[in-house]
Amino acid sequence: MSTYKLTYFKGRGRAELVRLVFVAAGVPYEDVRVEMSAWPALKPSAPFGQLPMLEVDGVKLCQSNTMARYLARKFNLAGKTELDQARADMIVDCIEDTIKPLLAFAFEKDEARKAELKTKYVGEQLPNYLTLLEGIVKTNNGGDGFLVGDGLTWADLSVLTTYDWLKMAGIEAEFAKHPKLDALRQRVAKLPKVAEWLAKRPVTEF
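J.: So what's going on with the sheet that holds strand β2 (residues 30-34)? Which residues, and what values?
T.: Judged by pairing direction, the sheet is mixed, and its four strands sit side by side in the order β2-β1-β3-β4 without closing on themselves. Of all the strands in the sheet, just β2 and β4 (59-62) have a single pairing partner and so form its edges. Within the sheet, the average angular offset between the axes of one strand and its neighbour, ignoring direction, is 20 degrees. This element, helix α1 (residues 16-25), spans β1 (4-9), β2 and β3 (53-56) of the sheet and lies at about 145 degrees to β1. The strands touched by helix α3 (residues 64-74) are β1, β3 and β4; relative to β4, the strand with the most contacts, the crossing angle is about 120 degrees.

Take a look at the structure:
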């Protein structure tokens with residue numbers, strides 16, 4: 001049986017989708033959370049010098065979506081057919097596009113520029129992306145099941161992390177304007193293993 005070690009900072013951030021795949025699959029892993037002050041010493045050992053980092057039997061991987069995709073395929077959470085897997089990948093890539101502008105204003109140091117980017121995101125970019133995702137939800141079983149096929153995939157779990165990012169930015173109310181998408185988020189959050197994790201996971205700033 002493989003062993004897994006996930007290393008990230010003390011937050012949800014880019015590691016949370018990977019954690020959720022482990023949780024949904026019921027597979028144990030070592031969840032290592034490091035202080036920011038410890039990162040300079042650790043950085044040279046990480047592929048491409050970044051976190052999160054996943055070690056599978058000692059082999060190191062980086063890029064959060066690559067790690068989550070690998071685990072989803074290994075744990076049967078990627079989609080039952082090749083076409084379903086491609087659709088799940090497509091949705092996760094769309095979600096990545098949804099989050100990138102948020103990260104741009106979140107890390108912007110110039111306050112005027114930050115406000116400008118946030119206004120554009122909340123007023124234009126985010127509604128567009130969420131509307132597109134709402135449409136995707138509706139194409140599968142009328143939007144009353146999962147995003148792909150008839151079972152949970154990592155694409156569904158990525159909806160939870162999207163909500164987390166929006167909540168961190170104080171704009172999670174936008175989700176409620178897209179009822180099928182928000183209902184999907186709530187259904188996934190109530191799955192027993194997922195619900196247990198959401199209730200006990202560490203409370204962090206990001």
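J.: Account for the environment of leucine 157, with residues named and values stated.
T.: Looking at the element boundaries, leucine 157 is found in helix α6 (residues 154-168). Remark: the alpha-carbon pair of leucine 157 and valine 18, spanning 139 residues in sequence, is separated by 9.4 Å. Apart from residues no more than four positions distant in its own chain, leucine 157 is found in contact with Leu17, Leu20, Val21, Ala24, Leu152, Val188 and Val194.

J.: Please provide a residue-by-residue account of the nonpolar core, values included.
T.: Ranked by size, the top nonpolar core spans 65 residues in total, and within it Tyr4, Phe22, Leu102 and Leu157 carry the most contacts. With near-sequence residues (within four places) excluded, phenylalanine 22 lies in contact with Tyr4, Val27, Tyr29, Leu54, Leu71 and Phe75.

J.: Give a detailed account of the packing of helix α4 (residues 82-106) against helix α5 (residues 111-138), specifying residues and quantitative values.
T.: Packing of α4 against α5 brings their axes to within 8 Å, and their N-to-C directions diverge by 165 degrees. Regarding the angle of α4 to α5, the classification is roughly antiparallel. Relative to α5, the crossing made by α4 is left-handed. The residue makeup of the contact of α4 with α5, split by class, is 16 nonpolar, two polar and four charged.

J.: An account of the pattern of salt bridges is requested, with residue identities and associated values reported.
T.: All chains considered together, the criterion is met by 15 salt bridges. One salt bridge in this structure joins lysine 10 and glutamate 35, with 2.7 Å as the shortest N-O distance. Here the residue lysine 10 occupies a position in the loop between β1 and α1, and glutamate 35 occupies one in the loop between β2 and α2 (39-42), the gap between them amounting to 25 residues. When its relative accessible area of 42% is taken as the criterion, glutamate 35 is described as partly exposed. One salt bridge in this structure joins arginine 201 and glutamate 16, with 2.9 Å as the shortest N-O distance. On the criterion of sequence distance, the pair formed by arginine 201 in the segment after α8 (192-200) and glutamate 16 in helix α1 is long-range, its members being 185 residues apart. Of the two residues examined, arginine 201 and glutamate 16, each falls in the buried class. Each of Arg12, Glu16, Arg19, Asp31, Arg33, Asp164 and Arg201 takes part in salt bridges that share partners, so that together they form one network.

Cut-offs applied
Residues numbered from 1 in each chain as written. Predicted model: local features only at pLDDT ≥ 70, side-chain atom pairs only at ≥ 80, totals over all residues. Heavy atoms only, no water. Pairing = 2+ DSSP bridges. Helix = DSSP H or I, 4+ residues; strand = E, 2+ residues; numbered from the N terminus. Axes fitted to C-alpha atoms, helices over the stretch in contact; angles between N-to-C directions. Contact = heavy atoms within 4.5 Å. Core = buried A, V, L, I, M, F, W, Y, C linked by side-chain atoms within 4.5 Å. Buried < 20%, exposed > 50% of the residue type's maximum accessible area, 1.4 Å probe, protein only. Parallel < 35°, antiparallel > 145°, perpendicular 65-115°, else oblique. Left-handed = near helix turned anticlockwise from the far one by under 90°. Nonpolar A, V, L, I, M, F, W, Y, C, P; charged D, E, K, R; others polar. Salt bridge = Lys/Arg side-chain N within 4 Å of Asp/Glu carboxyl O.

Bear in mind that shape data such as this cannot, by itself, settle questions of function.
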